[in-house]
Amino acid sequence: MNTRPARLFTALSLALALAACHKLGSGAGDGTPGLAVGSSVTGEITSSSRLNYNDGSRHQGYEVTLKNGEAIALELGGSLNGQLSVFDGQTLLATASARGQDAESGNAGTVSLAFRAPKDGTYLVAVNSAGADAFGPFKLDSSSVTPYDGKPLVADSEAIDWLVGEKQDYTLKVDKAGIYTISMESGGLDTYLHLSGRNTDIEDDDGGGNLNARIRAYLEPGDYSIGASALNGGTGSFKLRVGLTPVDKGLATRDGTALAIGQTTPGMIDSRGRRSFALTLDGTRQLQFDAIADNFDPVLHVTGPGIDAEDDDGGDGTNARLTLRMGPGRYTVAVSSLGSQQGVFELETTDLGTDAATPANSNRKGEAEAAAAAAEAAAVEAD
């Protein structure tokens with residue numbers, strides 16, 4: 001998603017608009033209402049609100065006094081299709097507008113912004129309408145943000161921070177192998193995560209729902225890097241969570257794990273979106289493979305002597321199933337996920353016997369059972 005040109009144009013237009021208003025009297029000492037950190041104010045943009053002469057939009061300003069390094073989170077709600085900006089005199093410090101589908105449709109949406117004061121002083125918080133025909137009531141909430149202490153993140157920890165640039169990096173220290181879930185949640189950012197380190201390179205945009213990012217991966221002990229950013233280019237507060245799910249020793253986390261007929265093997269999809277297993281047969285058998293997963297859509301692919309079969313939704317729901325008549329030899333059974341999502345799955349290998357009458361390319365056990373039942377019924381009628 002390439003949004004940078006649009007973001008730069010929006011930021012520049014808003015900076016010019018608010019700077020023009022500031023010069024016309026919107027600033028310290030001219031009766032601009034104050035905003036205390038931790039408080040909320042309500043207002044309405046109407047045709048009598050202060051005019052931005054470059055585009056005809058309207059605005060309302062509020063003064064907030066902060067100390068050097070103090071951070072504040074702002075959230076604009078209500079029916080107004082609006083934008084938020086923070087100025088230090090004539091200098092634009094931060095700006096944000098409605099995100100995602102709200103911005104594209106022109107409808108009102110929540111706008112979140114966070115910034116840190118570069119010095120002691122009074123700053124102008126501007127609520128600006130998105131265009132000359134945008135009017136309506138709004139509510140502006142403010143809250144203090146506790147700065148992230150900079151320590152490495154570990155299992156079952158979280159950090160509340162604010163995005164002030166293109167990307168921010170965090171260190172993840174993994175002491176115990178397991179499945180780690182890393183999420184970046186925000187009410188105003190289209191969050192984006194990048195996890196790297198120890199042969200791991202995973203990215204995610206909306207895996208956590210509601211434009212929140214989430215990565216779920218099996219990680220070995222070591223140090224990793226978490227890159228946090230926003231696709232909509234905004235600034236704002238967010239929460240970074242790291243959760244650990246312990247795994248059984250039998251979890252397959254490497255390719256080539258041997259399958260045992262009649263058993264269920266748990267596995268973990270890797271960063272490529274797949275996991276492969278090895279199966280060796282010393283005779284002809286009718287086998288059924290089931291790939292079962294809760295949080296992704298699995299796909300089965302079996303290759304070997306005379307076999308190249310694939311299935312997506314042949315099992316229950318979106319689970320995959322293949323029923324194959326297989327001769328002696330070595331086979332590869334691969335489980336992948338649509339969209340290269342990561343997650344844990346179970347691979348069941350069931351022995352259906354050596355009945356050669358079952359269709360060799362069937363991917364449903366029920367078909368073979370139905371054919372056998374029909375043949376038995378016909379024999380009974382003949383008697």
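Residues numbered from 1 in each chain as written. Predicted model: local features only at pLDDT ≥ 70, side-chain atom pairs only at ≥ 80, totals over all residues. Heavy atoms only, no water.

Chemist: Before we move on, could you go through the overall build of the protein and cite the residues and values that matter?
Modeler: Counting secondary structure elements, the protein contains 3 helices and 26 strands. Across the 383 residues in the protein, those meeting the buried criterion constitute 44%. In the protein, the proportion of contacts linking residues at least 24 apart, taken out of those at least 6 apart, comes to 74%. (Helix = DSSP H or I, 4+ residues; strand = E, 2+ residues; numbered from the N terminus. Buried < 20%, exposed > 50% of the residue type's maximum accessible area, 1.4 Å probe, protein only. Contact = heavy atoms within 4.5 Å.)

Chemist: Which residues make up the packing of aromatic side chains, and what are the values?
Modeler: Within this structure, the stated rule accounts for 4 aromatic pairs. Measuring from centroid to centroid gives 6.1 Å for Phe115 and Tyr123, while their planes differ by 65°, and the two rings are edge-to-face. The burial state of Phe115 is the same as that of Tyr123; both residues are buried. Every member of this aromatic cluster is reached through a ring pair, and the members are Tyr148, Tyr170 and Phe238. (Phe/Tyr/Trp six-rings, centres within 6.5 Å; stacked < 30°, edge-to-face > 60°.)

Chemist: Explain the sheet that holds strand β14 (residues 200–204) residue by residue, including any values.
Modeler: Backbone hydrogen bonds are what pair the strands of a sheet, in a parallel or an antiparallel way. Across the sheet, 4 strands lie side by side as β11-β16-β13-β14; this open sheet has antiparallel pairing. Strands with a single pairing partner mark the edges of an open sheet, and in this sheet they are β11 (167–174) and β14. The average undirected angle you get between the axes of adjacent strands in this sheet is 20°. In the sheet, strand β13 (residues 191–197) pairs with β14 via 5 bridges, with the strands oriented antiparallel. Note on β14: the bridge partner recorded for Leu195 is Ile202. (Pairing = 2+ DSSP bridges. Axes fitted to C-alpha atoms, helices over the stretch in contact; angles between N-to-C directions.)

Chemist: Kindly report on the nonpolar core, identifying the contributing residues and their values.
Modeler: The biggest cluster of nonpolar side chains holds 25 residues, and the ones touching the most others in it are Leu172 and Ile226. Counting residues per element, the ones that place at least two in this core are β10 (157–163), β11, β12 (178–185), β13, β15 (213–219), β16 (222–230) and β17 (236–245). Apart from the residues lying within four places of it in its own chain, the contact partners of Leu172 are Leu153, Val154, Ile182, Leu195, Leu219, Gly222, Asp223, Tyr224, Ile226 and Val242. Core analysis: the next-biggest nonpolar cluster, separate from the first, contains 24 residues, Phe277, Leu279, Leu281 and Ala320 among them. (Core = buried A, V, L, I, M, F, W, Y, C linked by side-chain atoms within 4.5 Å.)

Chemist: For the sheet that holds strand β1 (residues 40–45), give the residues involved together with the corresponding values.
Modeler: Pairing within the open sheet is antiparallel, and its 4 strands lie in the order β1-β9-β4-β7. Whereas interior strands pair on both sides, the edge strands pair on one side only; in this sheet they are β1 and β7 (111–116). Direction aside, neighbouring strands of the sheet carry axes that sit 20° apart on average.

Chemist: Lay out the pattern of salt bridges with the relevant residues and their values.
Modeler: Under the definition given, this model contains 11 salt bridges. Of the charged contacts in the structure, one is a salt bridge between Asp88 and Lys119, with a shortest N-O distance of 3.5 Å. Taken together, the positions of Asp88 in strand β5 (residues 82–88) and Lys119 in the loop between β7 and β8 (121–129) put the pair 31 residues apart, joining distant regions of the chain. Note on Lys119: relative accessible area 43%, which makes it partly exposed. Among the ionic pairs, Arg285 bridges to Asp351, the shortest N-O distance being 2.4 Å. A residue pair is termed long-range when its members are at least 10 positions apart, and Arg285 in strand β21 (residues 285–293) and Asp351 in strand β26 (residues 344–351) qualify at 66 residues. When its relative accessible area of 28% is taken as the criterion, Arg285 is described as partly exposed. It is possible to trace a salt-bridge network through shared partners that takes in Glu158, Glu185, Lys239 and Arg241. (Salt bridge = Lys/Arg side-chain N within 4 Å of Asp/Glu carboxyl O.)

Chemist: So, unusual backbone geometry: which residues are in play, and what are the values?
Modeler: Despite not being glycine, Asn199 has its phi angle at roughly 60°, a positive value. In this model, Leu211 sits at a positive phi of 65°, which is unusual for a non-glycine residue. Tracing the backbone shows Leu211 in the loop between β14 and β15.

Chemist: Describe the side chain of Gln288, listing the residues and the values that go with them.
Modeler: For Gln288, the position within the fold is in strand β21. Only 2.8 Å separates the side chain of Gln288 from the side chain of Asp290, close enough to count as a polar contact. (Polar contact = N/O pair within 3.5 Å; in protein donor to acceptor, adjacent residues only side chain to side chain.)

Chemist: Tell me what's going on with the confidence of the model for the protein, and back it up with residues and numbers.
Modeler: With 80% of its residues at a pLDDT of 70 or more, the protein shows a mean pLDDT of 81. Contacts of residues 100–107 to residues separated by more than four positions or lying in other chains number 7 contacts, the stretch itself having pLDDT below 50. Per-residue pLDDT stays below 50 along residues 356–372; that stretch engages in 23 contacts with residues further than four places along the chain or on separate chains. (pLDDT = per-residue confidence, 0-100.)

Chemist: Pulling in residues and values, what's your account of the side chain of Ser186?
Modeler: Mapped onto the elements of the fold, Ser186 is located in the loop between β12 and β13. Within polar-contact distance, the side chain of Ser186 engages the backbone nitrogen of Leu189 at 3.2 Å.

Chemist: Describe in detail the pairing of β7, supporting the description with residues and values.
Modeler: Successive residues of a regular strand alternate their side chains across the two faces of the sheet. Along β7, 5 of the 6 residues are buried, which leaves the element largely enclosed by surrounding structure. Note that strand β4 (residues 71–78) and β7 share 6 bridges and pair antiparallel. Its bridge partner lying in β7, Glu75 is registered against Ser112.

Chemist: Help me get a handle on the environment of Asp223, residues and values and all.
Modeler: Within the secondary structure, Asp223 is located in strand β16. Residues within four places of Asp223 in sequence aside, it is in contact with Leu172, Lys173, Gly197 and Arg198. Polar side-chain contacts of Asp223 include one of 3.4 Å to the side chain of Lys173.

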